[in-house]
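Structural overview for review
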Amino acid sequence: MNQNKILNEKNFTSSLVMALSLLPTAPTKAEVEEKAKQLAAVFGYTGDITPVVTEVMVAIDTRMGTGVSLIDVEAEHDNEWHLKRDNIQWTYSDAYSDFLRTGGWGSDVIQSLSDVGDKILGHLQDPTSVGSWDRRGLVIGHVQSGKTANYMGVISKAADAGYKFIIVIAGIHNNLRKQTQERIDEGFVGRSSNPENRVNIGVGLTPDYPHPATLTNIHDDFRKHTANSSGWKINDFSKPIVLVIKKNVSTLETLYDWLKEMNAAGNGQISDIPMLVIDDEADNASINTNKPDLDPTKTNAWIRSILGLFAKSCYIGYTATPFANIFINPDAYDKDVYEELFPRDFIYCLDAPSTYFGPDKVFLDEDSSDKILEPIVDCENYLRFAHKKDDLVTELPPSLYNAVNQFVIARTIRNLRGQSNKHCSMMINVSRFVVIQNRVRDFISLYTNKLKEAVKSYYAMPEAISSQNSYMRSLKTTFCNDYAHCELSWEEVKISLNNATENLRIFVVNSKSDEVLDYKKYENDGTALTAIAIGGLSLSRGLTIEGLCISYMYRNTRMYDTLMQMGRWFGYRPGFEDLCKVHLAKDSIDWYSHIAESSEELRMQIKRMRRAQLSPKQFGLYVKAHDNSLLITAPNKMRTGERLTFNQNFSGKLIESYILPTDDHINAKNEKLIAQYWKEGFGGEVKETSKGWTIQNVAVSKLEDFLTSFYTHPSFAEKKSAAISYLRLISDEFQTGDVLLISIKGKGEDALQYKLGVQERSSAKLLEKEKAWRASKLRVASRGDEGLDLTIEQRQRAQDMASNEDKDKKASDFHYRTIRNKPLLMIHVIDPEAKEDSEKRVPAFGLSFPQGNYDREVEVVANIIWVNKMHGDVIDTPDEEDDYDE
């Protein structure tokens, strides 16, 4: 074996995965270890097999469902055309699967990826079909979950089926386009597009591989001069052609001109070349409109023009969220462009692999999120949300230095776990301005240099001596506070600190920097990178940060698509998930959690809509009418006036009064109202639950009367009114609902006085000017509360429903809501201070609706000023970013 330890470990891991894939059943850990020892002897592998076994066990345990699609059931389309053609040779597809296998991917995931690719291919048109045709679709994935691997599989299968011209639109930055080009080179072209080193790579190592042609390379986007100088036309190639381009006006216009001049016939169309567009930036709509080259209205219009040149075309947009801009932000499209790019033919919702480190673990699961999330409370004193590029930065917040300490400790623990041959990274994203990013780098560089000096001097010293150094004390404090659970002592960690810090590198990642965060370069040199990446937009748009352990982001709270893309902390963390930390502003945590939960509910709605045979258009209308679409788009509507009218649909939704009044007089009135209705039993029988009481089958009119009399904060009044209107709207189908009085025993509960026990919510945020509390994560109820009064049988049905989606999945409130299938009113009393001597009692409510009424909407008059104030109106918009390629 060669001397490159990283490549040796990679190759050995791949060999072990491939050897185990031949076994008839999944092996145990002991069997994997035994097989690893046998292979190590055969190949002469002398590295530590412990991290290899850990990685292989993750690969074996990883599962991925095949997802679900919505289609236009009225359209005449055969989704199985590719299964009926006996002349397709799956050359590219098989080579791609083999490539993934050599990369250490588990057989089950490779098969699932192939199955999903088959289904998406089936939604496209058979490229051998005669005449003119077009198909439009959308694939909904997850941030950093493998969307690229998915569309690579789709491209390979499409090429096998006969698609000849393939365009991949891969972001607005050169570094992301380069990253995508490298992946296309490896997984499809099979040859490096580096002009200085055009060697066979990836799939191209397959004997007699039929290399597709490419008119772009790792350095250059599409250029008309380059294409013209070649003298080639599309028809000159017997193999497929693939282009990887940036999503900007000039590139798209140049490509359009070349296609029209060099390839279109007299009628202005290319009639005999089936083409496919993969738009990996379909969600990139809140881009800097001060940069004409990035104006989403213009870029989308040029995509439409390019599609219009081909008589046979398919377009697939890829998005990381069901709240896709094509649904909620039609302003980014001219009317005819919107209709042309709308996914009228299919929407495909991908399942995330079971080992995905995603929003559920980071934000929704209370046990894991408490360990991962760290609210930033001190940054505003050093670097304000609303800072300008010429603001003076005299120091960084202590929380950021502590995050650097966490990174050093995490790298050390990973080394001790045998992961020294793996990349390890930290991300810092605190400014949109390049000059501020460089200033942050200076401070971090100064700090890490002092940290390195301290470690080098004291790591081998007795504790009595090393603890006299302030940097060593801070590292020990960080270890004891955050990593004492890792079954290692401070002494074991301390003695290994020097190996972790000596190769630490700092990178500023932006379009103006000449530093390149190139993991593959270091990998080829045999070095595992320990990197702190500091940046803004370049870090936010699709760039993969390998081995990401620590994230520190103090950025805008509300520009949704930008914020979603900033979530580089999602992905796969085999063997070090327990070391990961995400530092965010409190507003960002609340906002992310709320939208993550709504996104997950929308994914579940897609499955329900599929069973109901609803169309992509109906789903798009439902998303547009979703109440959170207003929250997402509100920042963009600041200039349009204070009050706007929207249509909203609450089917399958939980509406909670998470904006709570601080006025004690109002809260006392609401407590009296609760006592009155409780005493009357809401007209039904009061029964005890494990967490309070329930009254079932209450007349909807009684629920409406209670809510009408319940005082809310002024900013929530319109939302409450809309919820009541929707309750009234569906009352012809649902005449009764249930009530849950949720109470914590020993917390002021007094059933004789009809007083609920308070639920402590210490992380609620006090909005002093607005005289309101905003509940943490924009939630009032605890997860699982909606199942409190369900029968054992009902709860089992909910669990069965969840298990059908993922065998390890626990039933959620969404599943309980589905099983209940009628309105539910939950009543709470919250203590937002949760101090030892606190006597705060703030009533709140939640109202959940049954699913299925997708075509019923109520008109909502929204106070946009209030909406923004309640959710953080300090917004750094993309218009102010200066991290753009020139």
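Everything discussed here concerns the structure shown above.
Below: a short report on this structure.

Conventions used here
- Residue positions are given per chain, counted from 1 along the sequence in the order it is written.
- Local features in this predicted model are restricted to residues whose pLDDT is 70 or higher, and side-chain atom pairs enter the listing and the counts only when it is 80 or higher, whereas totals over whole chains, interfaces and linings include all residues.
- Side-chain metrics rest on all non-hydrogen atoms present in the structure, leaving aside hydrogens and water.
- Starting at the N terminus, helices and strands are each numbered in turn, a helix being any DSSP run of H or I of at least four residues and a strand any DSSP run of E of at least two.
- With a 1.4 Å probe rolled over the protein chains alone, any residue whose accessible area is under 20% of its type maximum counts as buried; one over 50% counts as exposed, and the rest are partly exposed.
- Every residue pair with non-hydrogen atoms within 4.5 Å of one another is taken to be in contact.
- For accessible areas, the Shrake-Rupley method is used with a probe of radius 1.4 Å. Any residue's cover is judged against the shown protein chains and nothing else.
- Note on ring pairs: Phe, Tyr and Trp rings are taken, using the six-membered ring of Trp, and paired if centres are within 6.5 Å. Classes follow the plane angle, with under 30 degrees stacked, over 60 edge-to-face and the rest tilted.
- Joining through side-chain atoms within 4.5 Å is the link that ties buried Ala, Val, Leu, Ile, Met, Phe, Trp, Tyr and Cys residues into a set, and such a set is a nonpolar core.
- In short, DSSP must find at least two bridges between two strands for them to pair.
- Note on definitions: angles span 0 to 180 degrees between N-to-C directions of axes, and those axes are lines fitted to C-alpha atoms, for helices only across the stretch in contact.
- Salt-bridge detection follows one rule: a side-chain nitrogen of Lys or Arg within 4 Å of a carboxyl oxygen of Asp or Glu.
- Here the word oblique covers every angle except those under 35 degrees (roughly parallel), over 145 (roughly antiparallel) and from 65 to 115 (roughly perpendicular).
- Handedness of a helix crossing follows the sense of rotation of the near helix relative to the far helix, less than a right angle counterclockwise being left-handed and clockwise being right-handed.
- Polar here means any residue other than Ala, Val, Leu, Ile, Met, Phe, Trp, Tyr, Cys and Pro, which are nonpolar, and Asp, Glu, Lys and Arg, which are charged; Gly is therefore polar.
- For a helix, the expected span equals 1.5 Å multiplied by the number of residues minus one.
- Charged residues are defined here as Lys and Arg on the positive side and Asp and Glu on the negative side; His and the ends of the chain fall outside this count.
- Disulfides are defined as pairs of cysteine sulfur atoms found within 2.5 Å of each other.

**Things to note about the overall build of the protein chain**
Along the protein chain, the regular secondary structure elements total 33 helices and 26 strands. In the protein chain, buried positions account for 59% of the 886 residues. Within the protein chain, contacts between residues separated by at least 24 positions form 80% of all contacts whose residues are at least 6 apart in sequence. Carbon and sulfur atoms provide 47% of the accessible area of the protein chain, an area that totals close to 35300 Å².

**Remarks on the side chain of His387**
Assignment of secondary structure puts His387 in the loop between strand S9 (373–376) and helix H16 (398–416). Overall, the relative accessible area of 2% leaves His387 in the buried class. Non-local contacts of His387, meaning those with residues more than four positions away in its chain, are made with Val430, Ser431, Arg432, Phe433 and Ile436.

**Focus: unusual backbone geometry**
Most peptide bonds are trans, and most residues other than glycine sit at a negative phi. You will see that Phe682, though not glycine, has its phi angle at about 50°, which is positive. Note on placement: Phe682 falls in the loop between helix H28 (664–679) and strand S18 (686–689). A positive phi is found at Tyr754, a non-glycine position, where the angle reads about 55°. When you line up the elements, Tyr754 lands in the loop between strand S20 (736–742) and strand S21 (759–760).

**Comments concerning the packing of aromatic side chains**
All told, the structure shown has 29 aromatic pairs when counted by the stated rule. Judged by centre distance (5.4 Å) and plane angle (70°), the rings of Tyr151 and Tyr318 are edge-to-face. Taken as a pair, Tyr151 in helix H7 (residues 147–161) and Tyr318 in strand S7 (residues 312–319) lie far apart in primary sequence, 167 residues in all. Using a relative accessible area of 0% as the deciding quantity, one classes Tyr151 as buried. With relative accessibility at 1%, the residue Tyr318 sits in the buried group. In textbook terms, an aromatic cluster arises when at least three aromatic residues are bridged by ring pairs, as seen for Tyr658, Tyr677, Phe682, Phe706, Phe710, Phe716 and Phe845.

**Description of the nonpolar core**
By size, the foremost hydrophobic cluster in this structure holds 98 residues, and its most contacted members are Phe165, Leu259, Phe310, Phe327, Phe619, Phe706 and Leu825. Those residues within four positions of Phe310 in sequence are excluded, and the remaining contacts are Phe165, Ile234, Leu259, Gln269, Ile270, Ile273 and Met275. Core analysis: the next-biggest nonpolar cluster, separate from the first, contains 76 residues, Val393, Ile413, Ile428 and Val455 among them.

**Brief notes about the pairing of strand S6 (residues 275–279)**
Most of S6 sits inside the fold, with five of its five residues counted as buried. Along S6, one buried face is formed by Met275, Val277 and Asp279 and the opposite face, lined by Leu276 and Ile278, is buried too. Summarising the sheet, strand S3 (residues 165–169) and S6 pair through five bridges and their orientation is parallel. Bridge pairing in S6 links Phe165 to Met275. By the bridge criterion, five bridges tie S6 to S7 in an arrangement that is parallel. Each bridged residue has a counterpart across the sheet, and for Leu276 the counterpart in S7 is Cys314.

**Some thoughts on the sheet that holds strand S17 (residues 659–661)**
Overall, antiparallel pairing links the three strands, which are arranged S17-S23-S22 in an open sheet. The open sheet terminates on both sides in strands that have one partner only, identified here as S17 and strand S22 (765–767). Strand-to-strand twist across the sheet, computed as the mean angle between neighbouring axes with direction ignored, equals 30°. Note: S22 against strand S23 (residues 772–774), three bridges, orientation antiparallel. For Leu767, the partnering residue across the bridge sits in S23 and is Ala772.

**Examining the pattern of salt bridges**
A side chain of one charge can pair with a side chain of the opposite charge if their charged atoms are brought near each other. This structure, assessed with the given rule, holds 46 salt bridges. With a closest N to O distance of 3.2 Å, Asp590 and Arg774 form a salt bridge. On the criterion of sequence distance, the pair formed by Asp590 in helix H25 (residues 586–611) and Arg774 in strand S23 is long-range, its members being 184 residues apart. In this structure, Asp590 and Arg774 share a single accessibility class: buried. For Glu749, the salt bridge identified is with Lys745, shortest N-O distance 3.5 Å. Exposure remark for Lys745: the relative accessible area of 51% places this residue in the exposed category. Bridged by salt links that share partners, the residues Lys586, Asp587, Asp590, Lys765 and Arg774 form one connected network.

**Considerations on the environment of Leu121**
You can see Leu121 is positioned in helix H6 (residues 107–123). Leu121 gets classed as buried once you look at its relative accessible area, which sits at 0%. For the pair Leu121 and Gly153, spaced 32 residues apart in sequence, the C-alpha to C-alpha distance is 9.6 Å. Excluding residues that lie within four positions of it along the chain, Leu121 makes contacts with Trp81, His82, Trp90, Lys157, Ala158 and Ala161.

**Looking at the environment of Gly141**
Position of Gly141 relative to the elements: it lies in the loop between strand S2 (133–140) and H7. For the pair Gly141 and Ala320, spaced 179 residues apart in the sequence, the C-alpha separation amounts to 4.7 Å. Each residue touching Gly141, except ones within four places of it in the same chain, is listed here: Lys147, Thr319, Ala320, Thr321, Leu350 and Arg603.

**Overview of the sheet that holds strand S10 (residues 424–429)**
If you walk across this open sheet you meet the six strands as S9-S14-S13-S10-S12-S11, and the pairing is parallel. The open sheet terminates on both sides in strands that have one partner only, identified here as S9 and strand S11 (504–509). Each neighbouring strand pair of the sheet contributes to a mean axis angle of 15°, computed without reference to strand direction. Packed onto the sheet, H16 meets S9, S10, S11, strand S12 (530–535), strand S13 (548–553) and strand S14 (581–585) and runs at close to 165° relative to S10. With respect to the sheet, H25 is in contact with S9 and S14, its orientation differing from that of S14 by roughly 105°.

**Comments concerning the packing of helix H1 (residues 5–20) against helix H2 (residues 29–43)**
Put simply, H1 and H2 touch, their axes get as near as 10 Å, and they point 125° apart. Judged on the interaxial angle alone, H2 and H1 are oblique. By crossing handedness, the relation of H1 to H2 is classed as right-handed. The residues of H2 that touch H1, namely those facing Phe12, Ser15, Leu16, Ala19 and Leu20, are Val32, Lys35, Ala36, Leu39, Ala40 and Phe43. By residue class, the composition of the contact of H1 with H2 is nine nonpolar, one polar and one charged.

**Here's the deal with the packing of helix H10 (residues 249–262) against helix H11 (residues 296–309)**
When two helices pack together, their arrangement is given by the angle between the helix axes and by the axis-to-axis distance. Close contact between H10 and H11 brings their axes to 9 Å; oriented N to C, the two are set at 15°. Here H10 lies roughly parallel to H11, going by the angle between them. Judged by the twist between their axes, the crossing of H10 over H11 is left-handed. Here H10 contributes Val249, Leu252, Glu253, Leu255, Tyr256, Leu259 and Lys260 to the contact with H11, which in turn contributes Lys298, Thr299, Trp302, Ile303, Ser305, Ile306 and Leu309. Broken down by class, the residue content of the contact of H10 with H11 amounts to nine nonpolar, two polar and three charged.

**Overview of the environment of Val434**
Along the chain, the position of Val434 falls in helix H17 (residues 434–458). Along the chain, Val434 and Val509 lie 75 residues apart, while their C-alpha atoms are 9.2 Å from each other.

**Some points on H25**
The terminal C-alpha atoms of H25, which comprises 26 residues, lie 39 Å apart, in line with the 38 Å expected from a rise of 1.5 Å per residue. A large share of H25 lies buried, amounting to 20 of its 26 residues. With its phi angle positive at about 55°, Gln613 sits one or two positions after the end of H25.

**So, the side chain of Asp831**
Relative to the elements of secondary structure, Asp831 occurs in strand S24 (residues 824–831). Buried within the structure, Asp831 lacks any salt-bridge partner; Lys747 is the closest side chain of opposite charge, at an N-O distance of 7.4 Å. Contact partners of Asp831, with chain neighbours within four places excluded, come to Val758, Gln759, Glu760, Arg761, Ser762, Ser838 and Lys840.

**Focus on the state of the cysteines**
Taken as a whole and judged by the stated rule, the model has zero disulfides. Left unpaired, Cys580 is separated from the closest cysteine sulfur, that of Cys549, by 5.1 Å. Under the relative-accessibility criterion, Cys580 is labelled buried at 4%.

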